[in-house]
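# An overview of the molecular structure
The residues making up each chain are set out below.
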Amino acid sequence: DAKTTQPNSMESNEEEPVHLPCNHSTISGTDYIHWYRQLPSQGPEYVIHGLTSNVNNRMASLAIAEDRKSSTLILHRATLRDAAVYYCILRHLQGGSEKLVFGKGTKLTVNP
Amino acid sequence: DVKVTQSSRYLVKRTGEKVFLECVQDMDHENMFWYRQDPGLGLRLIYFSYDVKMKEKGDIPEGYSVSREKKERFSLILESASTNQTSMYLCASGLQGRWEKLFFGSGTQLSVL
């Protein structure tokens, strides 16, 4: 299975940018990179995804390395509501079926 | 908004009981998934289904089975619950396609005593 590696935890201050890294050195050419986050006592929610090019949406930006072996989720101005566990995931085909395998994620703490 | 509804938020069962966890989605999604989440282990895939009556094993299917008789409903079955199945169970659904996002339910915290 394609795997991702993330730091266990990161800390940020409110209203500062946050860069959450993810390594996925075994990524294959057709794998999509997804990011989800999980707020306390809730199920994960979608944040952003991409294939090769950098992506922006209202929640965040995704920067993908040229060799696609790493990516970075960027929160432009962290708020207290962004405190969550962030998961970087590869969505790929295995045995003809799609799978989305979660790693352990990065717990983001946002300080006021 | 897409809604993924899990039948119970909290459930307490006894060892050896048969347990049914139900998940319903309202957006005509082909794919449905069951995960369990344990402290320090993240989310682990138990089973998934890409069509009615179709199922595929995930990474930890032992001790579980699933049923998908209708497109909107995906059930997780613990044939004989054991204490090591105490966990948070999360259901998700989504359209087919690796570029498609998943929508998660709020989870069911199952305690097996």
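Before reading on, note that the structure itself is shown above.
Remember, it's a predicted structure, so these values are computed and weren't measured experimentally. (Residues numbered from 1 in each chain as written. Chains lettered and ligands numbered in written order. Predicted model: local features only at pLDDT ≥ 70, side-chain atom pairs only at ≥ 80, totals over all residues. Heavy atoms only, no water.)

## Some words on the state of the cysteines
Residue and element names in this part refer to chain B. Here is the rule: Here, two cysteine sulfur atoms that lie within 2.5 Å of each other are counted as a disulfide. Helix and strand definitions here come from DSSP, where helices need a minimum of 4 consecutive H or I residues and strands a minimum of 2 consecutive E residues; each element is numbered from the N-terminal end. Think of it in three bands: with a 1.4 Å probe and only protein chains considered, a residue is buried below 20% of the maximum accessible area for its type, exposed above 50%, and partly exposed in between.
The full count for this structure, using the stated rule, is two disulfides over all chains. Across a sulfur-sulfur distance of 1.9 Å, Cys23 and Cys91 are joined as a disulfide pair. Disulfide Cys23 to Cys91: torsion about the S-S bond roughly -75 degrees, handedness left-handed. Of this pair, Cys23 sits in strand E3 (residues 19–25) while Cys91 sits in strand E9 (residues 87–94), and the two are 68 residues apart along the sequence. The burial state of Cys23 is the same as that of Cys91; both residues are buried.

## Concerning the nonpolar core
Residue and element names in this part refer to chain A. What counts here: Residues belong to a common nonpolar core when they are buried Ala, Val, Leu, Ile, Met, Phe, Trp, Tyr or Cys residues joined through side-chain atoms within 4.5 Å. Every residue pair with non-hydrogen atoms within 4.5 Å of one another is taken to be in contact.
The biggest cluster of nonpolar side chains holds 21 residues, and the ones touching the most others in it are Leu20, Ile33, Trp35, Leu73, Leu75, Tyr86 and Leu108. The biggest single contributor to this core is strand E8 (residues 84–94), with four residues. In this structure, Leu75 is in contact with Glu16, Pro17, Val18, Met59, Ala60, Asp82, Tyr86 and Leu108, ignoring residues within four places of it in sequence.

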